[in-house]
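Observations on chain architecture
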Amino acid sequence: MRFGVLRFPGSCDDVDALHAARRVGDAELLWHGEHDLRGADAIVVPGGFSYGDYLRAGAIARFAPAMESVVGFARDGGLVLGICNGFQVLCEARLLPGALLPNTNLRFTFRQVGLEVVEPDTAFTRACGPSLSIPAKHSWGRYYAEESTLDELEAAGQVLMRYAPGHNFNGSLRDIAGVCNARGNVFGLMPHPEHAVDPLTGSADGLCIFQSMRLAVEGARV
Amino acid sequence: MSECGEAGAAAQTSCDAATGPPSEPPPTLRDALALGLTGREYELICAKQGAPPNSVELAMYSLLWSEHCAYKHSRKLLRTLPTEGPHVLMGPGENAGVVDVGGGLACAFKVESHNHPSAVEPFQGAATGVGGILRDIFALGARPIAVLDSLRFGEPAPADATGEARPVGAPGSGTRARYLLDGAVSGIGHYGNSIGVPTVGGEVYFEAPYEQSCLVNAMALGLCERDRLVRSAAAGPGNLLVLFGARTGRDGIGGASVLASAELGEDGDKRPTVQVGDPFEEKKLLECSLELLRRDLLVALQDLGAAGLTSAAAEMASKGEVGVDIDVARVPLRERGMEPFEIMVSESQERMLCVVRPDDVAAVLALCEKWEVAGTAIGEVTDTRRMRILRDGEMVGDMPVRALVDDCPLYDLRPEKPTAPIYAPPAATLAGRASPRETLLALLASPNLASRRPLFERYDAIVQSRTVRRPEQADAAVLALLAPDAGSADAAVTPAVDGGQREPPLPALAVSIDCNGRRVAADPYLGTIEAALECAANLACVGAEPLGTTNNLNFGNPEKPHIAWQLTEAVRGLGEACRALGAPIVGGNVSLYNEGAAGPIYPTPVVGMVGRLPDAAQAGRLGFAQAGDEIALVGWDGGTAPSLAASELHKLLGEPLPDGLPAFDLDAAIATQAAVRDAVRAGALASAHDVAEGGLAVALAECCLAGGLGASLDIGETVGGDECEAWLFGERPGGFLVSGSAQALAALAERVPTAILGTVGGEELAIRAGGTSLRATLAELSECHGALAALFP
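Cut-off values and rules
- Residues numbered from 1 in each chain as written.
- Chains lettered and ligands numbered in written order.
- Predicted model: local features only at pLDDT ≥ 70, side-chain atom pairs only at ≥ 80, totals over all residues.
- Helix = DSSP H or I, 4+ residues; strand = E, 2+ residues; numbered from the N terminus.
- Rg over C-alpha atoms; globule rule 2.2 N^0.38 Å.
- Buried ≥ 20, exposed ≤ 12 C-beta atoms within 10 Å, placed from the backbone.
- Contact = placed C-beta atoms within 7 Å.
- Axes fitted to C-alpha atoms, helices over the stretch in contact; angles between N-to-C directions.
- Parallel < 35°, antiparallel > 145°, perpendicular 65-115°, else oblique.
- Left-handed = near helix turned anticlockwise from the far one by under 90°.
- Pairing = 2+ DSSP bridges.
- Core = buried A, V, L, I, M, F, W, Y, C linked by C-beta atoms within 7 Å.
- Nonpolar A, V, L, I, M, F, W, Y, C, P; charged D, E, K, R; others polar.
- pLDDT = per-residue confidence, 0-100.

Across its full length, chain A holds five helices and eleven strands. Taking 17 Å as the expected radius of gyration for a compact globule of 222 residues, we find that chain A reaches 15 Å, a close match to that expectation. In terms of principal-axis extent, the alpha carbons of chain A reach across some 40 × 40 × 40 Å. Looking at chain A as a whole, 61% of its 222 residues qualify as buried.

In structure tokens, the structure reads:
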């Protein structure tokens, strides 16, 4: 099992994601300027401020050569996890529905948040328990989509994680913290599971997402 | 004056004809004075040059001979500080100090001020302060792993003791303090968050003397492999100077001389001297610099900070005992028509200068291109020991490097202890006859003691995955000692192990920054010792031993005898404390002239200290952890109550500052720290917290709130006496509040004075002291402690 972690100029949580992925499999960084995904079994689009987040968070990164390959990889059913800025990039690339707007408090906010796992049997959640404690840190994390889209997402089981009551500091609609695409192979999550992989630094609750991806890849291979 | 007066002006004509831009009128003594030089300094420059300087030369001298660059009023004092020790790898004089942290790793760290720019434009002032200190760290080849900040503003609360609100914008209304704080915190967060370096700690104090002259000090730490440290000395005549990073514009011209080395008047007219930061540019610059070093492509590296290219190139040449030629026509510019002197003194951000062997230039420029960073060869190293500035090959400035860097005159201070108080008493915000409960709640809600959560929530404290203790979890930030450049694909990974335990244990760094300016104002000597001791106490609470110290001396105008006295006494105290603690000063910064019409700031020698603990998994916490644990006060001698003089309570009551602080036993305080540190390292204590501002009662409330547990105590029986208020709220260094098993506390009692005060548990804090008692529920404590949220919605 091999993870590929994208690195854009301005990515900040790329190395954290690399280390988190290495706890469950092999992992390497993939340079934004290259198309070659180097045989990765799953892709992580990490957090940070790709291209400075100028223009709009994630808006420039979606045009990177590596992202063109990721779009094709996803179309072929490959697993793609977007974290924070990566979630924004995946929305900009239309791999995920909806958009991320500025937090309702209009400020960058860092907080340990509680998450409820809404859909326990997916490629990204099957190793997770019902609730997780994971840090979140962002300025643009308010998940937004049309009401009708939200209804469809909920009905189709695409809302994989919600903020626990009282933990939705960014004003996300319907407390949505993470959604996947209709096919279930692309997942975007605003909080940072890669920063919750070791009790020493606060929590290991995020590791289950990477473990789930490993199970999904290895299950598909069998 | 004879040499540079009228006669000098005549001589200048010939000088300019030889080297200066022909169309430009030659500068005069008046221009020199306008740039902040004195008449005598101008005279000396003429002598060093052998002729009056032209406009390029004068501009460069005025910056390098400014207080900010030359430390001309503080250098003699700084020489008295201890700078050597067993862990020190680089002391003062390099971009940052460096200590050996074991395992082949080195930690570079430094604190620097950006006070004057932040007073003019807080967001950019603070942001570029962070950017500047980060460049100092990676210029050494170290990856920045943490930022801390130390901030001072005027009173933020819009009400006086009677509860009456003052009109918005009026003096004392708090408007300015809240505006500056909000801007500075946003700026620090914007830069640190965007570049991926966690902001792991800091401190903020609000006091009236900072109303006009706020302080914004930023500290950064970096990690690198010990044998890969880079120095900034230029070497090898024939090697090339490559400038890389952002383009050069007109921003920040004269920042070091006009802005940082004089008292501030009206704000608006100096706004153009504040630089604008771009953290994305710096992120690329950081990764590019570290990759250049990893591939051994650089001979030397230096960041561009105050005084821009002038300072960077002159420092590199001076340290390498070489000369440099720079052609300003090759410098990529942000705007057209920039004069040579503007290019040389511009303080545009996010630029680095490196020395490269001719054979490596192509590889260096290719790597710059990979990171989308502009790189240009702008000059070369020579053996002339002169700094020569050219424009398209034509000489426009020519100065001996030694004259620029080393020959600025140093001044003796004329310290004189003031005979009358310098500072007005603080405005009272608490009525004199408050009950102990009312007093505790008022202290917890006061701006200096209220929870900093609304501020630190705006910082990313965890990126890079090293943060073992975040703000409000412990007295010091704790960072696991993981590989410094894990970004490379083959970096080792420490695998996850249940419970965070590793075999062998993973060591960690601890870091703290502190200074209580009000206590330093009351007694510059003892107050500064207390600041250093407080940092070391914070380290002890997480189990860390100090390795080295950095400092930022923020003072008023040193040409005034009473400020000179504060500075002299503070440096004396700092030296004594750091010697006693075995924590030498490895670097720092001086910010003078922090005063205006309303008077000087409180003397604020900010101390930053870095320590090491052998096992990150045993890092101490400040919150009570388990009901039934016993609580002990460690270190304070039970015979005398701590004094209320210069305490937070006296501030709330509007008491004037005392003339001097009570003496204390420094050696005993250090012995107590060692005992607490050992107990934390052994995992014997459930919590450890030092008793600081607000005294014992506030420290107890903080332990309750951090752990979400109440406590029941009786301090009357143990410590006795009638002076309940002093026991509850008095302040004195050397005291710790710890909790743990009776057995663990008994072991501690064998080494240092230890008084069992009570037990952890319940939903309220209940303290009996002599004849009085105090009760408050956790909810009440929490509400008061959250008071800052209302000021910064």
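This part covers the overall build of chain B. Counting its regular elements, chain B contains 28 helices and 28 strands. Out of the 793 residues in chain B, the part that is buried amounts to 62%. In chain B, the share of contacts with a sequence separation of at least 24, taken over all contacts with a separation of at least 6, comes to 85%.

Residues and elements named next belong to chain B. Packing of helix H9 (residues 175-195) against helix H11 (residues 279-294) leaves a shortest axis separation of 9 Å and a crossing angle of 40 degrees. By the angle class used here, H9 and H11 are oblique. As H9 packs across H11, the resulting crossing turns out to be right-handed. The segment H9 lies against H11, with His-190, Tyr-191, Ser-194 and Ile-195 engaging Pro-279, Phe-280, Glu-282, Lys-283 and Leu-286.

This brings us to the pairing of strand S4 (residues 143-153) of chain B. Residue and element names in this part refer to chain B. With eleven of its eleven residues buried, S4 lies for the most part within the structure. Sheet topology places S4 next to strand S6 (residues 215-225); nine bridges connect them, and they run antiparallel. Its bridge partner being in S6, Pro-144 is matched across the sheet by Gly-222. Across seven bridges, the pairing between S4 and strand S5 (residues 199-206) is parallel. Residue pairing across strands places Arg-152 opposite Tyr-205, the latter belonging to S5.

Attention shifts here to the nonpolar core. Residues Leu-64, Ala-508 and Leu-700 of chain B are the most contacted members of the largest nonpolar core, which totals 266 residues. In terms of residues, this core owes the most to one element, helix H19 (residues 524-542) of chain B, which gives 13 residues. Filtering out sequence-adjacent residues up to four positions away, Ala-508 of chain B remains in contact with Val-468, Val-478, Leu-479, Ala-480, Leu-481, Leu-613, Ala-616 and Ala-619 of chain B. Grouped together as the second largest cluster of nonpolar side chains are 75 residues, Leu-18, Ala-42, Cys-84 and Trp-140 of chain A included.

At the junction of the two partners, chain B supplies 31 residues and chain A supplies 29 residues. Broken down by class, the residue content of the side of chain B that touches chain A amounts to 15 nonpolar, ten polar and six charged.

All names here are of chain B. Helix H23 (residues 695-707) packs onto helix H16 (residues 436-445) with a crossing angle of 65 degrees between their chain directions and a minimal axis gap of 10 Å. Taken as axis vectors, H16 and H23 run roughly perpendicular relative to one another. Classified by chirality, the crossing of H23 by H16 is right-handed. Taken together, the residues of H23 that come into contact with H16 (itself represented by Leu-440, Leu-443 and Leu-444) are Ala-697, Val-698 and Ala-701.

With that settled, the discussion passes to the pairing of strand S16 (residues 508-514) of chain B. Along a regular strand, successive side chains alternate from one face of the sheet to the other. Residues and elements named next belong to chain B. Among the seven residues that make up S16, seven are buried, leaving the element largely enclosed by the rest of the structure. Alternating positions in S16 separate into two faces, Ala-508, Ala-510, Ser-512 and Asp-514 on one and Leu-509, Val-511 and Ile-513 on the other, with burial throughout. Both strand S15 (residues 477-480) and S16 contribute to a ladder of four bridges, which runs antiparallel. Paired with Leu-479 across the bridge in S16 is Leu-509. The pairing of S16 with strand S21 (residues 604-613) spans seven bridges and is classified as antiparallel. By the bridge assignment, Asp-514 is partnered in S21 with Val-607.

Before going further, it helps to spend a moment on the sheet that holds S15 of chain B. All names here are of chain B. A sheet is described by the order of its strands in space; here six strands give the open sequence S14-S15-S16-S21-S17-S18, paired in mixed fashion. Every other strand in the sheet has two partners, leaving strand S14 (467-469) and strand S18 (585-591) as the edge strands with one partner each. Neighbour-to-neighbour, the strand axes of the sheet open up by a mean angle of 20 degrees, direction not taken into account. In the sheet, strand S17 (residues 545-554) pairs with S21 via nine bridges, with the strands oriented antiparallel. When the bridges of S21 are listed, Asn-554 appears paired with Thr-604. Each of S17, S18 and S21 is contacted by helix H20 (residues 561-581), which is oriented at about 175 degrees to S17, the strand it contacts most.

Residue and element names in this part refer to chain B. Although it is not a glycine, Gln-464 adopts a positive phi angle of roughly 80 degrees. Residue placement: Gln-464 occurs in the loop between helix H17 (453-456) and S14. Its identity is not glycine, yet Tyr-593 carries a phi of approximately 65 degrees, on the positive side. With respect to the helices and strands, Tyr-593 occurs in the loop between S18 and strand S19 (595-596).

Residue and element names in this part refer to chain B. Taken in spatial order, the seven strands make up an open sheet running S8-S10-S7-S11-S9-S12-S13, and their pairing is mixed. The sheet is open, and its two borders are formed by strand S8 (300-303) and strand S13 (394-400), each paired with just one other strand. Looking at each pair of strands side by side, their axes are set apart by 25 degrees on average, direction ignored. Bridging between strand S9 (residues 323-327) and strand S12 (residues 386-391) involves four bridges; their strand directions are parallel.

Moving on, we get to the confidence of the model for chain B. Residues and elements named next belong to chain B. Chain-level statistics for chain B give a pLDDT mean of 90 and a share of 89% at 70 or above. Counting contacts from residues 1-20, a segment whose pLDDT is below 50, to residues more than four positions away or on other chains yields 36 contacts. Scored below 50 in pLDDT, residues 487-493 makes ten contacts in the model with residues more than four places away or belonging to other chains. Overall fold confidence for the complex sits at a pTM of 0.93, while the interface term, ipTM, reaches 0.96.

All names here are of chain B. As for its placement among the helices and strands, Val-606 is situated in strand S21. Since 28 C-beta atoms lie within 10 Å of it, Val-606 is described here as buried. When the C-alpha positions of Val-606 and His-68 are compared, they lie 17 Å apart, and in sequence the two are 538 residues distant. Apart from residues no more than four positions distant in its own chain, Val-606 is found in contact with Val-111, Ser-150, Asn-217, Ile-513, Cys-515, Asn-551, Asn-552 and Asn-554.

Turning next to the environment of Pro-198 of chain B. Residues and elements named next belong to chain B. Residue placement: Pro-198 occurs in the loop between H9 and S5. Linking Pro-198 and Ala-220, residues 22 residues apart in sequence, is a C-alpha distance of 9.8 Å. Not counting chain neighbours up to four residues away, the residues in contact with Pro-198 comprise Ala-146, Asp-460, Ala-461, Ile-462, Val-463, Gln-464 and Thr-467.

Take H16 of chain B next. Residues and elements named next belong to chain B. H16 sits mainly inside the fold: seven of its ten residues count as buried. Of the residues making up H16, those classed as buried are Thr-439, Leu-440, Leu-441, Ala-442, Leu-443, Leu-444 and Ala-445. Buried-residue contacts for H16 involve helix H21 (648-652), H23, helix H25 (724-729), strand S28 (772-777) and helix H27 (778-785).

Attention now goes to the environment of Leu-29 of chain B. Within the fold, Leu-29 of chain B resides in helix H2 (residues 29-34). Through-space distance from the C-alpha of Leu-29 of chain B to that of Gly-39 of chain B is 7.0 Å; in sequence the pair is ten residues apart.

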